[in-house]
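# What the coordinates show
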Amino acid sequence: MPTERTKDHGAEELHKHYRVYETIGSGGFAKVKLGQHILTGEKVAIKIMNKKDLADDLPRVKVEIEAMKNLSHQHVCRLYQVIETSTQIFMVLEYCPGGELFDYIIAKDRLSEEETRVFFRQIVSAMAYVHSQGYAHRDLKPENLLIDEDHNLKLIDFGLCARPKGGLSYELMTCCGSPAYAAPELIQGKAYIGSEADVWSMGVLMFALLCGYLPFDDDNCMILYRKITRGKYDNPRWLSPGTILLLNQMMQVDPKRRVTVRQLLDHPWVMKDYNSPVEWFSKQPLCHIDEDCITEMAVNMKRSRESTTALVKEWRYDHTTAIYLLLLSKKQRGKPVRLRPEPAGCEDSCSPLHQGLQTREALHFSEDEDAVIVGSLDLCSEYIDDCPWVSVPQHTPQGVRGRPDGTTNKDTRLTSPSVERRCAYSPNPERGRATPRRQERGENKENKENSGDIFALPPPRTPVSSKKNARPNKNVLTTPNQNTNTSGTKSNAVTPKGGSSASKEHNKKGAAENKDSANLEILAFSPERRSRSLDMAVKGDSGGKKKRGGKVFGSLERGLDKVITMLTPSKRRGLRDGPRKIKAQYNVTLTSQTNPDQVLNQILSILPEKNIDFTQQGYTLKCQTWGDFGKVTMAFELEVCMLQRPEVVGVRRQRLKGDAWVYKHLVEDVLSTSRI
Ligand code: ADP
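It should be emphasised that the depicted structure is a prediction, and the values quoted were computed from it without experimental measurement. (Residues numbered from 1 in each chain as written. Predicted model: local features only at pLDDT ≥ 70, side-chain atom pairs only at ≥ 80, totals over all residues. Heavy atoms only, no water.)

### Quick word on the environment of Lys31
- Tracing the chain through its elements places Lys31 in strand S3 (residues 31-37).
- Given the relative accessible area of 25%, Lys31 is considered partly exposed.
- Each C-alpha atom of the pair Lys31 and Lys47 lies 5.8 Å from the other, and the pair is 16 residues apart in sequence. (Helix = DSSP H or I, 4+ residues; strand = E, 2+ residues; numbered from the N terminus. Buried < 20%, exposed > 50% of the residue type's maximum accessible area, 1.4 Å probe, protein only.)

Set out below in structure tokens:
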């Protein structure tokens, strides 16, 4: 299927149809920005890649795009549109405001068995579907599972996936993925079956959910590989016998003795409390064309329904595909299947669907900078609501063309129920539990086996060891009123107490938020509780329904932040004098302190010791660590902010780049050493 390719017009095609907001993540290849589709008002994630930077990795992106075009499932992040220019590739994706599953785990230390089951069933569902389509994911880890607005998981990052021509039972040779999640046969460089390797990674992932750390972990890659090939790990004492059994079945060194995805669908542990197997078939098969969406598009395009259907069925992943899939997404969430009305006075010729919006917002986009938006956020709020999935006409899963184990037998009787239910809600997971400690792990396995020590993976990135690399710098300026980086140079940003920085912009926003923080569980920060944070995003989420103004608020907040940033200095002045007042979310670590300047000072004094470069913009510290060859190995933000009720200081953390577990250890180290 062709992609939409525009020559020499850079991001024009993108800006014609989308508003582009701030960066919400970045990965090995890409920067991901929040966007809004103008015609439907739907939020999207826009993954932006520069071809020059991709170099040898360009084929990976092509692989990812082709895979995502073929995959349509409730637990796989949906691709809406691909725009390729001579220099860039834009992938417009389903937006997942809940962030990475990884961040969710570290915020909660670990998840209860019940909550793990909710997520694990969704992971099994996604993997069974992906395998049924002939793909192995090969990079399954909590960073590649995002949480959507209904707290459901969506699988991303298909850049390393494989689709063997003869079906998934054919052996693969390429060694890829993240070492800690890689199956023994993979790191030993043996031929392997993709679906079997994915099951191993699912075991590692499930362990990480339940424990908050990895089963196989070591700074030394040879030791790590040895641990993996031996397959020995310690089961902490809080794991139930049933959980230990399932983990053991997934993390079997011999892939032939490993449980299969098909067996996982109705595994007793997976079925517990549900009494029903995992529904893995697609609830959104592409072969089913929704009549309501077609009607709305046909009216808007002034075409016949037949020709509109034919156009959609081409699946070009151009703007037509995007409109159709975004309308469908609206419908599935109970929103009206409506495109935005044409601007007043607009004649036929300027129908948005014919030409793209002629009345483009004053939107400037740069490849390197965050997109700058001038526009009304009313548009955002107009479309933000909290409709969960609701019933829509049922259809049989005609899109299913394989089996959950990925074999090529086309017989779908084994797995396709004739009727499917739309509601994807799961029982409300238990959320409260005691804070675990790593030392509590019981050692019930011995590491006595020898391994061949034949490893095919490159060494994992060396974690930034704060102790080893500590480079005390007593000269660091710790007052919050100075904008410094570790080189001692002044950054462009202005001080928290200065006259014109972003840090002055917080007061206004503070007034616009903090509506429902009364019922929060507040956990004061202590070294013992390190990464334990508030979990606001899921509070009030019982029954699977999201409260109005819940998680979506975070992105609105960011949008507002951006708009305020756009104001001229004179307008900005006086808006904010202190740290931002934010709603507690699970990426915010609470302190027991009330003075934000003191907290900022404490963090500032620690960063140089941990070998972390930073620039300060008001109360936000943009941090980086560097590798041996002058490459940035880790990028993250720490923002000192104020919580309300009680008015305590919080530290918002956001990983932008780098290994998730190294980031976890580093940030925990910084925050606990800061004694905040
Ligand atoms: P790469 O392919 O370069 O590794 P990813 O696809 O992993 O990039 O995206 C990088 C990060 O951007 C993710 O870890 C996530 O935090 C964020 N991100 C990616 N896709 C989405 C999305 N659909 N919704 C919200 N955030 C996203």
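That covers the picture; the talk isn't over yet.
### Structural notes on the nonpolar core
- Residues Leu101, Phe120, Met202, Met250, Tyr324 and Ile603 are the most contacted members of the largest nonpolar core, which totals 147 residues.
- Per element, the largest residue contribution to this core is twelve residues, and it comes from helix H7 (residues 194-211).
- Once residues lying within four places of it in the same chain are set aside, the contact partners of Met202 are Phe120, Ile123, Val124, Met127, Leu140, Met250, Val261 and Leu264.
- One finds Val588, Cys641, Leu643 and Val648 within the second-largest nonpolar core, a separate group that totals seven residues. (Core = buried A, V, L, I, M, F, W, Y, C linked by side-chain atoms within 4.5 Å. Contact = heavy atoms within 4.5 Å.)

### Considerations on the pattern of salt bridges
- Going through the model one piece at a time under the given rule, you end up with 33 salt bridges.
- Between Arg338 and Glu296 there is a salt bridge, with the nearest N and O atoms lying 3.4 Å from each other. Here Arg338 is found in the loop between helix H14 (319-332) and helix H15 (352-355), whereas its partner Glu296 is found in helix H12 (residues 291-301), with 42 residues between them in sequence.
- In this structure Glu296 comes out as buried when scored by relative accessible area, which is 12%.
- Among the ionic pairs, Arg652 bridges to Glu639, the shortest N-O distance being 2.6 Å. Of this pair, Arg652 sits in strand S17 (residues 649-657) while Glu639 sits in strand S16 (residues 632-642), and the two are 13 residues apart along the sequence. Residue Arg652 shares its accessibility class with Glu639, and that shared class is buried. (Salt bridge = Lys/Arg side-chain N within 4 Å of Asp/Glu carboxyl O.)

### Re the environment of Asn152
- Along the polypeptide, Asn152 turns up in the loop between strand S7 (145-147) and strand S8 (153-155).
- Considering only alpha carbons, one finds Asn152 and Ile123, 29 residues apart in sequence, at a separation of 10.0 Å.
- Among the polar contacts made by the side chain of Asn152, one reaches the side chain of Gln122 at a distance of 2.9 Å. (Polar contact = N/O pair within 3.5 Å; in protein donor to acceptor, adjacent residues only side chain to side chain.)

### Quick notes on the site of the ligand
- The local shell around the ligand holds 18 residues, among which Phe29, Ala30, Lys47, Glu94 and Glu100 are the closest.
- Ala30 places a main-chain nitrogen or oxygen 3.0 Å from an oxygen atom of the ligand.
- For the ligand, an oxygen atom lies 3.3 Å from a polar atom in the side chain of Asp157.
- Its free accessible area being 550 Å², the ligand has 91% of it covered by the protein chains.
- For the shell around the ligand, the elements supplying multiple residues, two or more each, are strand S2 (18-26) and strand S4 (43-50). (Near = heavy atom within 4 Å. Areas by Shrake-Rupley, 256 points an atom, 1.4 Å probe, with all protein chains shown as cover.)

### Things to note about H12
- For H12, the set of buried residues is Cys293, Ile294, Glu296, Met297, Ala298, Asn300 and Met301.
- Where H12 begins, the capping side chain belongs to Asp290, and its oxygen is found 3.0 Å from the backbone nitrogen of Asp292.
- Lys302 sits one or two positions beyond H12 and adopts a positive phi of about 55 degrees.

### Topic: unusual backbone geometry
- Even without being a glycine, Asn275 presents a positive backbone phi close to 55 degrees.
- Mapped onto the fold, Asn275 is located in the loop between helix H11 (268-271) and H12.
- Phi is positive for Lys302, which is not a glycine, with a value near 55 degrees.
- Position of Lys302 relative to the elements: it lies in the loop between H12 and helix H13 (305-313).
- Residue class for Lys302 comes out partly exposed when judged on its relative accessible area of 48%.

### Some thoughts on the packing of H12 against H13
- The N-to-C vectors of H12 and H13 enclose an angle of 110 degrees; their axes lie 9 Å apart at closest approach. If you check the angle between H12 and H13, you find them roughly perpendicular. Read as a crossing pair, H12 and H13 show a hand that is right-handed. Residue-level inspection shows Glu291, Ile294, Thr295, Met297, Ala298 and Met301 of H12 in contact with H13, the latter providing Arg305, Thr308, Thr309, Leu311 and Val312.
- Here the contact of H12 with H13 is built from residues that sort into six nonpolar, three polar and two charged. (Axes fitted to C-alpha atoms, helices over the stretch in contact; angles between N-to-C directions. Parallel < 35°, antiparallel > 145°, perpendicular 65-115°, else oblique. Left-handed = near helix turned anticlockwise from the far one by under 90°. Nonpolar A, V, L, I, M, F, W, Y, C, P; charged D, E, K, R; others polar.)

### Some thoughts on the packing of aromatic side chains
- Summed over the entire model, instances satisfying the criterion amount to ten aromatic pairs.
- Consider the rings of Tyr104 and Phe119, whose centres lie 5.7 Å apart with planes at 90 degrees: the pair is edge-to-face. With a gap of 15 residues between them, Tyr104 in helix H4 (residues 101-108) and Phe119 in helix H5 (residues 113-132) connect regions that are remote in the sequence.
- Tyr104 sits in the buried class, given a relative accessible area of 0%.
- Three or more aromatic residues joined by ring pairs form one cluster here, namely Trp200, Phe207, Tyr213, Phe216 and Tyr233.
- Lying over the aromatic face of Trp269, Arg117 brings its terminal NZ or CZ to 4.3 Å of the ring centre.
- The aromatic ring of Tyr274 is capped on one face by Arg121, whose charged end is 3.8 Å from the ring centroid. (Phe/Tyr/Trp six-rings, centres within 6.5 Å; stacked < 30°, edge-to-face > 60°. Lys NZ or Arg CZ within 6 Å of the ring centre and 35° of its normal.)

### Re the pairing of S4
- The element S4 is largely enclosed, with a buried count of eight among its eight residues.
- Here S4 shows a buried face lined by Lys43, Ala45, Lys47 and Met49 and a second buried face lined by Val44, Ile46, Ile48 and Asn50.
- Strand direction decides the pairing type here: S3 and S4, joined by six bridges, are antiparallel. If you follow Gln36 over to S4, its bridge partner there is Lys43.
- Two successive antiparallel strands, S3 and S4, enclose a turn made up of five residues, where Gly41 displays a positive phi of approximately 80 degrees. (Pairing = 2+ DSSP bridges.)

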